[in-house]
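Now for the letters of each chain:
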Amino acid sequence: MYGVVTRNAEELDWSGFDRRFFEATDVSGRAREPQPEAVNMVSCHADNAATRERPELSPVNDAGERATREREFFDWNYVCPTHEEYREGLLETIEEYGALGGDVRLDDVGFPREEYCRCDRCEAACEASAYDDRFDWRADVVERFVADARERVPGRLYLTVYPDPYPDHARRRTGVDPGALDAYVDEFVVPIYDMAYSTTYWLEILARGWVDELVTPFSIELYAVNVDIDNLAKATEVADAYAKDVLFGYDAGNARAVLRRMDADAREGKRHEPE
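Now for a quick tour of the structure. If you're wondering where the values come from, they're calculated on a predicted model, not measured in any experiment.

Taken in spatial order, the 8 strands of this closed barrel run S1-S2-S3-S4-S5-S6-S7-S8, and their pairing is parallel. For this sheet, the mean angle separating the axes of adjacent strands, direction not counted, is 25°. Pairing of strand S6 (residues 187-191) with strand S7 (residues 218-223) involves 4 bridges; the strand directions are parallel. In the strand pairing of S7, Pro191 is matched with Glu221.

This is the structure:
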């Protein structure tokens, strides 16, 4: 099946898509009216607006440097997963979206990188925990958040995972341990983005890696903005060979054009082969 990921509510009514995801909150901190006919998405531990207003929400490393987009390697401002007030607000939002549409997707979950967070709150919580290994403690923090979210979602719970299938990489980088989260998550979403998809061998390598790494079903999300239709069609065929479903991010028009092209090619007997 094929789905769309969009910020535009009117695109949810467009034909051609089997599944519809709506970005109700995003990393900018902007909130949109959640849509009952879509899987509403929640940006969990990324919020530019909140962290600009309240810098204490940001995770810090051992040098006191905050995980914000002003620093190299960060595309947005992160929120520390142990901040209890922000955590409770997130869970309230998740519960609201679950009550509206049944299904919810958790986006941007976890810690920013391996060296975070070293705030006083995290230091004290880790020291008081039963874990000698800091990565084990971080994974437990994320697991407890996802477990609490699961209790508030009556339908399917989706979770976006960092697109590195190498064993233990996602866990060490973000605290998101797919194996431990199988008990709570109905489906993972792996965004594998490229600006062109001019070659697809690397896409196939990553997709095959996720087949080996995950027990829970997963979908692959492709970037659809300003991507050549033929290239995106080829990437779609590759992703579709390994994932449960293929989702198209942030350009419903381009996505629909790809599906029409693929349908026409199928009727003509043409097939795109993975490179």
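Back to the text.
With that settled, consider the environment of Thr236. Mapped onto the elements of the fold, Thr236 is located in helix H8 (residues 229-240). Linking Thr236 and Gly29, residues 207 residues apart in sequence, is a C-alpha distance of 30 Å. In terms of polar contacts, Thr236 uses its side chain to reach the backbone carbonyl oxygen of Leu232, at 2.7 Å.

Position of Thr68 among the secondary structure elements: in the loop between helix H1 (48-53) and helix H2 (84-101). Residue Thr68 is classed as buried on the basis of its relative accessible area, which comes to 13%. Thr68 has contacts with Ser58, Phe74, Trp76 and Asn77, leaving out every residue within four places of it along the chain.

With that settled, the discussion passes to the pattern of salt bridges. Within this structure, the stated rule accounts for 23 salt bridges. Taking the shortest distance from any N to any O, the salt bridge between Arg54 and Glu85 comes out at 3.3 Å. Taken together, the positions of Arg54 in the loop between H1 and H2 and Glu85 in helix H2 put the pair 31 residues apart, joining distant regions of the chain. Residue Arg54 is classed as partly exposed on the basis of its relative accessible area of 27%. Where Arg150 meets Asp186, a salt bridge forms, and the shortest distance between an N and an O atom there is 2.7 Å.

Overall, the coordinates contain 0 disulfides when judged by the stated rule. In this structure Cys122 is a free cysteine whose sulfur lies 3.4 Å from that of Cys80, the closest cysteine sulfur available. No disulfide involves Cys126; its sulfur sits 8.5 Å from that of Cys122, the nearest cysteine.

Once that is clear, we can look at the packing of H8 against helix H9 (residues 252-268). The contact between H8 and H9 brings their axes to 9 Å, and the two run at 75°. Relative to H9, H8 is oriented roughly perpendicular. Side by side, H8 and H9 meet where Ile229, Asp230, Leu232, Ala233, Thr236 and Glu237 of the first sit next to Asn254, Ala257, Val258, Arg261 and Met262 of the second. Considering only residue class, the contact of H8 with H9 consists of 6 nonpolar, 2 polar and 3 charged.

Looking now at H8. In a regular helix each residue adds 1.5 Å, so 12 residues correspond to 16 Å; H8 covers 16 Å between its end C-alpha atoms and thus fits that length. Turning to H8, the residues buried within the fold contact strand S1 (2-6), helix H7 (201-213), S7, strand S8 (246-249) and H9. Looking at where H8 begins, the residue whose side-chain oxygen comes 3.1 Å from the main-chain nitrogen of Asp230 is Asp228.

Procedures and definitions
Residues numbered from 1 in each chain as written. Predicted model: local features only at pLDDT ≥ 70, side-chain atom pairs only at ≥ 80, totals over all residues. Heavy atoms only, no water. Pairing = 2+ DSSP bridges. Helix = DSSP H or I, 4+ residues; strand = E, 2+ residues; numbered from the N terminus. Axes fitted to C-alpha atoms, helices over the stretch in contact; angles between N-to-C directions. Polar contact = N/O pair within 3.5 Å; in protein donor to acceptor, adjacent residues only side chain to side chain. Buried < 20%, exposed > 50% of the residue type's maximum accessible area, 1.4 Å probe, protein only. Contact = heavy atoms within 4.5 Å. Salt bridge = Lys/Arg side-chain N within 4 Å of Asp/Glu carboxyl O. Disulfide = S-S within 2.5 Å. Parallel < 35°, antiparallel > 145°, perpendicular 65-115°, else oblique. Nonpolar A, V, L, I, M, F, W, Y, C, P; charged D, E, K, R; others polar. Expected span 1.5 Å × (residues − 1).

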